[in-house]
Amino acid sequence: MSALVGYARPHWRVLLLSLVLALPASVSGLVQPKFAQEILHRLDDGAGVIAPVALLAAFLVAAALLTGLNAWLRQRTSERVVRQVRRGLAHRLIRLRGAELDRRVPGDLIARVTSDSTLLKSAATEGLIMTVNGVLTFAGALFMMATLDARLLGVTLLVLTLVGVVITVILPGRVTSNLDPAPLPRRRV
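Residues numbered from 1 in each chain as written. Predicted model: local features only at pLDDT ≥ 70, side-chain atom pairs only at ≥ 80, totals over all residues. Heavy atoms only, no water.

This part is about the overall build of the chain. Within the chain, the secondary structure is distributed over seven helices and zero strands. Taken from N to C terminus, the helices and strands of the chain fall in the order α-α-α-α-α-α-α. Total accessible area computed for the chain in this model is approximately 13,100 Å², and 69% of it derives from carbon and sulfur atoms. (Helix = DSSP H or I, 4+ residues; strand = E, 2+ residues; numbered from the N terminus. Areas by Shrake-Rupley, 256 points an atom, 1.4 Å probe, with all protein chains shown as cover.)

And the structure:
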């Protein structure tokens, strides 16, 4: 984990900016049902809907722009982290002794450099931002449900609790066993 943070650390400003952009985009997505509710109430009352429709459109456009800019920043940063990791791994591979290289399956080291560094891309940058944003968006969604319809909130919390219990009962052994890395096969000489 510390190595992962080490690779992401030089990019902390961009990651923070990405999080700052993700939050208003999420808020914009969360307030859209409130505007839709207002539009429906105005239609029911026979009042004008131009102002709430314009606000809803503005929130939709703002959310799309912020989400697009956020995705571009995260992707650019992710690719920079991958380049940094691959550079470091390539330097280490160059320094390996011949005997160590002979013990490995041909192509195994190159496959590890390419695939493992690509997995790091998701974990080092995107995973961090998306986790924080997901937690805050979830809390905001619960708040919006509570303000729109308390019954909806109750049903949602009940379903989430049931799903959590089912996952906890069914998956505990399977999740940990899939995380254990398989030993590398040795090449016969």
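Now, onward.
Before going further, it helps to spend a moment on the pattern of salt bridges. If you walk through the whole model with that rule in mind, you get two salt bridges. A salt bridge links E38 to R42, with the nearest nitrogen and oxygen atoms 2.9 Å apart. Note that E38 and R42 are positioned in helix 2 (residues 12-45) at a spacing of four residues, about one turn of the helix. We classify E38 as partly exposed; its relative accessible area is 33%. Taking the shortest distance from any N to any O, the salt bridge between R151 and D149 comes out at 3.5 Å. (Salt bridge = Lys/Arg side-chain N within 4 Å of Asp/Glu carboxyl O. Buried < 20%, exposed > 50% of the residue type's maximum accessible area, 1.4 Å probe, protein only.)

Right, let's talk about the packing of aromatic side chains for a bit. A full pass over the atoms with the stated rule returns one aromatic pair. Measuring from ring centre to ring centre gives 5.1 Å for F35 and F59, while their planes differ by 35°; the resulting arrangement is tilted. Pair noted here: F35 is in helix 2 and F59 is in helix 3 (residues 50-94), with a separation of 24 residues, a long-range link. What makes F35 buried here is its relative accessible area of 17%. (Phe/Tyr/Trp six-rings, centres within 6.5 Å; stacked < 30°, edge-to-face > 60°.)

Averaged over all residues, the pLDDT of the chain equals 79, while 85% of them reach at least 70. No element of the chain has a lower mean pLDDT than helix 7 (residues 172-179), which averages 54, and none a higher one than helix 6 (residues 150-170), which averages 90. (pLDDT = per-residue confidence, 0-100.)

This next bit is on the environment of L65. You can see L65 is positioned in helix 3. Between the C-alpha atom of L65 and that of A25, which follows or precedes it by 40 residues, the distance is 8.3 Å.

Moving on, we get to a nonpolar patch on the surface. A cluster of nonpolar residues, V155, V159, V163, V165, V166, I167, V169, I170 and L171, forms a patch on the protein surface that exposes about 750 Å² of accessible area. Counting through the fold element by element, I167 comes out in helix 6. (Patch = residues over 30% accessible without salt bridge, like charges linked within 9 Å, V, L, I, M, F, W, Y side chains within 5 Å.)

Moving on, we get to the environment of L157. Along the chain, L157 falls in helix 6. Among the residues examined, L157 registers a relative accessible area of 37% and is labelled partly exposed. Considering only alpha carbons, one finds L157 and L142, 15 residues apart in sequence, at a separation of 8.7 Å.

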